[in-house]
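# Architecture at a glance
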Amino acid sequence: MRKFIVALESYQDPHIAISLEEEVLLIDENARDEAQIQTDLADVNRGLDTADALEDLAVVAGNIQDASVQETQLIDTCAQMATAGTDIQPEEFMQPAERAEDGTVATEGFRETAKGIIETILKYVAKIWESFIGWLKRTFTLIGNSRARLESLRKYLESLEKAKSPLKEGATVSVFDEAGYQPVKDGQAYVQLNRDWSRTMEWVFGDYARYALTMGGKAVKGIEAFDATHAEESASKLRYDLASVKLASMPGPRRAKRVGNLDVEISDDLPHNKVLMVSDLQHDGDATTLSVLEKLRTHQVQLADARAGEAATRSVQAAQCKPLTFDEMDALVDEFEMQLRAVEKFTSSNREGELQRTRKALASASQKAQASMGKLDQGDGSANSAAHGKVVETYFRAMLAFNAAFCNWINQPLLSVSSLALTNVRSGLVRIQESLKCYELQTGESRKEHGVPFSPHAALPAK
């Protein structure tokens, strides 16, 4: 939050140096960048909420005709509540509420601060996107490394005389693969889990990616067409244009759940204790334009923990199970390649370029909308004119907030699913490696030379 408020004319540069020398450094770099993006987007959303709270506070305070000392103190308390949970104090960015000569409460500082927050957020979104692009470049390198390992592993498996490679008696392997906080011990169940995950990834990088692009394109047109003299009509058109975009149902079994005022569909358990959650925004009833825009802005198709709170019940020791069969290894290599191809569609195709162009188009449209606001006739200074200006600013901010929303739609689930996909492939390679050690392999060539991960440390999922 401080990056938006302490110095509204500037913002911090979260640049992190990129090293391509060692895969473990790339993995660590991506993990840190992903965490920073998550933090920055959370700050952006908190900034948007703070701007709305300050504007609401200014409206309420502006209606007080003869403010008492207690009322001005109450306004200060509300300003403190608006920044609750942030790392700033209200006095850092606004003067305490004061009683003007005519008895009203001076609220210009609140409104100017809210405006400044929005302007800074628009600049900061561009810096978040730069971090996102850096993450993509490293991911593309990691995919190449993983694909090379898979191809080498496939050739190695094909070279084995499997009928002459018996399983060592009593051999077991450790299981680091979990779904729903339960170890996936059975080899066939592990293969099926990955088949379901491959289908989910195809949906995320296919149907969902097209949906996010379409939503972004609708937002561009709506913001670009914003007319400050008809702000409510502009916002209403954007509302219905966005709500008209339909997202295809995600594959596989799903369960329904009510979260707040949203109906949510939750996927079956996915690898590494995750599920995919999809909000249903088609039933908004008689909700206001602003409330629907807020739902559209904040909703997400997101990767979430499977069952919050159940991780503590797991054993510290990894479960043991039978080694994978050769057929299961072959099937897993096929699935891992499908999962990498799904990510590649995003990282190397024209779709990534389309996302870039949409983000830039949103920024350009926002500048045009700001120009429209600048031309707005503020009227004769009467209370009615001032109230109309406040309403216009409310719709204006609600529309510009889709700059940050578009980054959220890309971060969740495209970035998070890509990260999980690479983690899943690396941990799967380790399980295959450990399984191969349990056989009396009839080949004179080493596993390391064939690209099977030799050290498990960089391949295991982060704790």
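Look up a bit, the structure's there.
Residues numbered from 1 in each chain as written. Predicted model: local features only at pLDDT ≥ 70, side-chain atom pairs only at ≥ 80, totals over all residues. Heavy atoms only, no water.

### A look at the overall build of the protein
Applicable threshold: Secondary structure elements follow DSSP: runs of H or I of four or more residues count as helices, runs of E of two or more count as strands, with numbering from the N terminus. Burial classification: accessible surface area is computed with a 1.4 Å probe over protein chains only, and a residue below 20% of its type maximum counts as buried, one above 50% as exposed, and the rest as partly exposed. Whether two residues touch is decided by their heavy atoms; if any such pair falls within 4.5 Å, the residues are in contact. Per-residue and other accessible areas follow the Shrake-Rupley method at a 1.4 Å probe size, with only the shown protein chains counted as cover for residues.
A tally of helices and strands in the protein yields 11 helices and eight strands. Scored against the burial criterion, the 463 residues of the protein give a buried share of 50%. Taking the contacts inside the protein whose residues are at least 6 apart along the sequence as the reference set, 83% of them involve residues at least 24 apart. Surface accessibility of the protein: about 21,900 Å² in total, with carbon and sulfur atoms responsible for 50%.

### Section: the environment of Ala248
As for its position among the elements, Ala248 is in the loop between helix 6 (231–243) and strand 4 (254–259). A relative accessible area of 36% means that Ala248 is categorised as partly exposed. Taking the C-alpha atoms as reference points, Ala248 and Tyr211, 37 residues apart in sequence, are found 8.5 Å from one another. Not counting chain neighbours up to four residues away, the residues in contact with Ala248 comprise Trp203 and Asp207.

### Section: the packing of aromatic side chains
The test is simple: Pairing of aromatic rings covers Phe, Tyr and Trp, the last counted by its six-membered ring, and requires centre-to-centre distances within 6.5 Å; plane angles under 30 degrees mean stacked, over 60 mean edge-to-face, and any other angle means tilted. Either the NZ atom of lysine or the CZ atom of arginine qualifies as a charge over a ring when it sits within 6 Å of the ring centre and within 35 degrees of the ring normal.
Under the defined criterion, the tally for this structure stands at six aromatic pairs. Ring centres 6.5 Å apart and planes at 40° place the aromatic pair Trp203 and Tyr208 in the tilted group. Accessibility expressed as a relative area gives 3% for Trp203, which makes it buried. Classification of Tyr208 by relative accessible area gives buried; the value is 1%. Ring centres of Phe406 and Trp409 lie 6.4 Å apart, and the angle between their planes is 80°; on these two criteria the pair is classed as edge-to-face. Remark: Trp409 and Phe406 occur in helix 11 (residues 402–436); sequence separation between them is three residues, near one turn of the helix. In textbook terms, an aromatic cluster arises when at least three aromatic residues are bridged by ring pairs, as seen for Trp203, Tyr208 and Tyr211. Taking NZ or CZ as reference, Arg431 lies 4.4 Å from the ring centre of Tyr190, over its face.

### Points about the nonpolar core
Rules: Note on terminology: a nonpolar core comprises buried Ala, Val, Leu, Ile, Met, Phe, Trp, Tyr and Cys residues joined through side-chain atoms within 4.5 Å.
Counting residues in hydrophobic clusters, the biggest one holds 94 residues, and the most contacted among them are Phe402 and Leu436. Counting eight residues, the second-largest nonpolar core is a separate cluster that includes Tyr181, Leu262, Val264 and Ala306.

### Thoughts on helix 9 (residues 350–374)
The following threshold applies: For a helix, the expected span equals 1.5 Å multiplied by the residue count minus one.
An ideal rise of 1.5 Å per residue puts 36 Å on 25 residues; helix 9 measures up with 36 Å between its terminal C-alpha atoms. Taken together, the buried positions of helix 9 are Arg351, Glu352, Gly353, Leu355, Thr358, Arg359, Leu362, Ala365, Ser366, Ala369, Ser372 and Met373.

### Considerations on the pattern of salt bridges
Just so we agree on the cut-off: Only one rule defines a salt bridge in this text: a Lys or Arg side-chain nitrogen within 4 Å of an Asp or Glu carboxyl oxygen.
Taken as a whole and assessed by the stated rule, the structure comprises 13 salt bridges. Residue Asp334 is joined to Arg154 by a salt bridge in which the shortest nitrogen-to-oxygen separation is 2.7 Å. Linking Asp334 in helix 8 (residues 326–347) with Arg154 in helix 4 (residues 108–159), this pair joins segments that are 180 residues apart in sequence. Judged by its relative accessible area of 36%, Asp334 is partly exposed. With its nearest N and O atoms 3.4 Å apart, the salt bridge here joins Glu434 to Lys437.

### Observations concerning the environment of Val392
Positionally, Val392 belongs in helix 10 (residues 383–400). Through-space distance from the C-alpha of Val392 to that of Ala231 is 5.5 Å; in sequence the pair is 161 residues apart.

### Considerations on unusual backbone geometry
For the bond from Gln412 to Pro413, the omega torsion is 15°, close enough to zero to count as cis. Tracing the chain through its elements places Pro413 in helix 11. Even without glycine at this site, Tyr181 takes up a positive phi of about 65°. Mapped onto the elements, Tyr181 comes out in the loop between strand 2 (178–179) and strand 3 (182–183).

### Side note on the state of the cysteines
The condition is simple: The disulfide criterion used throughout: a pair of cysteine sulfur atoms within 2.5 Å.
Per the stated rule, a full pass over the model turns up zero disulfides. For Cys321, which is in no disulfide, the shortest distance to another cysteine sulfur is to Cys438 and amounts to 9.1 Å. Accessibility expressed as a relative area gives 6% for Cys438, which makes it buried.

### Description of the packing of helix 5 (residues 187–224) against helix 9
Stated formally: Fitted lines through C-alpha atoms give the axes, limited to the stretch in contact for helices. The angle between two N-to-C directions lies from 0 to 180 degrees. Here roughly perpendicular refers to angles of 65 to 115 degrees, roughly parallel to angles under 35, roughly antiparallel to angles over 145, and oblique to all remaining angles. In this scheme the crossing of two helices becomes right-handed for a clockwise turn of the near helix relative to the far one and left-handed for an anticlockwise turn of less than a right angle. Here the term charged refers only to Asp, Glu, Lys and Arg, the term nonpolar to Ala, Val, Leu, Ile, Met, Phe, Trp, Tyr, Cys and Pro, and the term polar to all other amino acids, Gly among them.
Contact pair helix 5 / helix 9: the axes reach a minimum separation of 8 Å and the direction vectors enclose 20°. Comparing the axis directions of helix 5 and helix 9 gives the class roughly parallel. Our pair here, helix 5 against helix 9, has a crossing hand that is left-handed. Residues Phe205, Gly206, Ala209, Arg210, Leu213, Gly216, Gly217, Ala219, Val220, Ile223 and Glu224 of helix 5 pack against Arg351, Glu354, Leu355, Thr358, Ala361, Leu362, Ala365, Ser366, Lys368 and Ala369 of helix 9. Of the residues contributing to the contact of helix 5 with helix 9, the split by class is 11 nonpolar, five polar and five charged.

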